[in-house]
Amino acid sequence: MKQIESIKESGGYLNRYVHDSSSCHCKMTFSVYLPPQAEHGKVPVLYWLSGLTCTDDNARTKAGMQRYAAEQGIALVFPDTSPRGENAADEVERYDLGQGAGFYVNATQSPWDKHYQMYDYVTTELPGLIESSLPILPNARSISGHSMGGHGALICALKNPDRYRSVSAFAPICHPTESDWGKGCFTAYLGGDVNAWNEFDATELIKSGAHVKDILIDQGVADEFYEEGQLLPEHLQAACLEAGQSLTLRLHDGYDHSYHFIASFVGEHIAYHAAALKA
């Protein structure tokens, strides 16, 4: 774990690191915002998972969440969205498969299975590395994300309800087994067995009995991918209602899929997670 950048921001430090990943078998880059409170002791942490085509850099430069994290005294972790490098499999003609599109699953199909183990990386390897190296409290984690990363946040929390204190998402891919994005990537990464797909689908996990304390989702009604049927929050809402899972789904007129939408409401998400992390 080598620090390659440090920027002072809102009284704390936005640091960037590179390390050799044992899960993804390549060098991985991630960023961490340490609030000013981290100078005096360990702090809780919110993991942010970004969407298709993103790196660790998108949210940390566009979402404006560091100032809210500084006010609340929580750290932020921004992982990359996939394995990287010339040895990691890729589909250069596609933005929705390969590098930049890891979908936070553990791939089982060649050639993806060698490197694309993003679920293990996000839930196990990266927290272990960070909590052993930085002033981060163990067992005080929450998780959030956007689009593909919102999907990732939901499945990570639903599959590990004791690992995360809270979960939220912006415009998540709620039912990937029923969306074109999900079907394309799941076929490539996981093969043709739909039962394997369901293990990484928030709506199907809820249907099969997975449960967390609460879920917060914000969705822009003018989001082009919402209109195209890629996101399907109503499917998740119906599954939660049937299963008795608490869900707050907020629809916002006029907002699209961009970081302008995220920046408009991310302060409320930070406060939501801070309340759970400090409880």
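As a reminder, the structure under discussion sits directly above these lines.
Residues numbered from 1 in each chain as written. Predicted model: local features only at pLDDT ≥ 70, side-chain atom pairs only at ≥ 80, totals over all residues. Heavy atoms only, no water.

## Quick notes on the overall build of the protein
Counting its regular elements, the protein contains ten helices and nine strands. For 279 residues, the compact-globule formula gives about 19 Å, and the C-alpha radius of gyration of the protein, at 17 Å, lands near that figure. Projected onto its principal axes, the C-alpha positions of the protein cover 50 × 40 × 35 Å. Taking all 279 residues of the protein together, 59% fall into the buried category. (Helix = DSSP H or I, 4+ residues; strand = E, 2+ residues; numbered from the N terminus. Rg over C-alpha atoms; globule rule 2.2 N^0.38 Å. Buried < 20%, exposed > 50% of the residue type's maximum accessible area, 1.4 Å probe, protein only.)

## A word on the packing of aromatic side chains
With the rule as written, the count across this model stands at 13 aromatic pairs. Each ring, one from W112 and one from Y189, has its centre 5.3 Å from the other, and the planes form 80°; the classification is edge-to-face. In this pair, W112 is assigned in the loop between β5 (75–79) and α3 (118–133) and Y189 in helix α5 (residues 180–190), connecting sequence segments 77 residues apart. One exposure class covers both W112 and Y189, and it is buried. For K159, the ring lying beneath its charged end belongs to Y119, and the centroid distance is 5.5 Å. Positioned above the aromatic ring of F200, the side-chain terminus of K159 is 5.0 Å from the ring centre. (Phe/Tyr/Trp six-rings, centres within 6.5 Å; stacked < 30°, edge-to-face > 60°. Lys NZ or Arg CZ within 6 Å of the ring centre and 35° of its normal.)

## What to know about the nonpolar core
Nonpolar side chains in soluble globular proteins generally cluster together in the buried interior. Core analysis: the largest hydrophobic core is formed by 69 residues, its most contacted members being F103, I130, I143 and Y189. When residues no more than four places from it in sequence are discounted, the contact partners of I143 are L46, Y47, L49, V122, A153, C156, A157, Y164, S166, V167, S168 and H273. (Core = buried A, V, L, I, M, F, W, Y, C linked by side-chain atoms within 4.5 Å. Contact = heavy atoms within 4.5 Å.)

## Some remarks on the pattern of salt bridges
Evaluation of the coordinates by the stated rule reveals eleven salt bridges. Note that R84 is salt-bridged to D80, the shortest N-O span being 2.9 Å. The shortest N-O distance in the salt bridge between E199 and K159 comes to 3.4 Å. Taken as a pair, E199 in the loop between α6 (194–198) and α7 (202–207) and K159 in helix α4 (residues 148–159) lie far apart in primary sequence, 40 residues in all. Exposure remark for E199: the relative accessible area of 42% places this residue in the partly exposed category. In this structure K159 comes out as partly exposed when scored by relative accessible area, which is 26%. Taken together, the shared-partner salt bridges in this structure form one network comprising E5, D57 and R60. (Salt bridge = Lys/Arg side-chain N within 4 Å of Asp/Glu carboxyl O.)

## As for the pairing of β5
By the criterion of burial, β5 is predominantly enclosed, with five of the five residues buried. Every second residue of β5 is oriented toward a common face, with A75, V77 and P79 on one face and L76 and F78 on the other, all of them buried. Pairing geometry for strand β3 (residues 26–34) and β5, over four bridges, is antiparallel. Bridging from a neighbouring strand, V32 pairs with V77 of β5. Bridge count between strand β4 (residues 43–49) and β5: three bridges; the pairing is parallel. (Pairing = 2+ DSSP bridges.)

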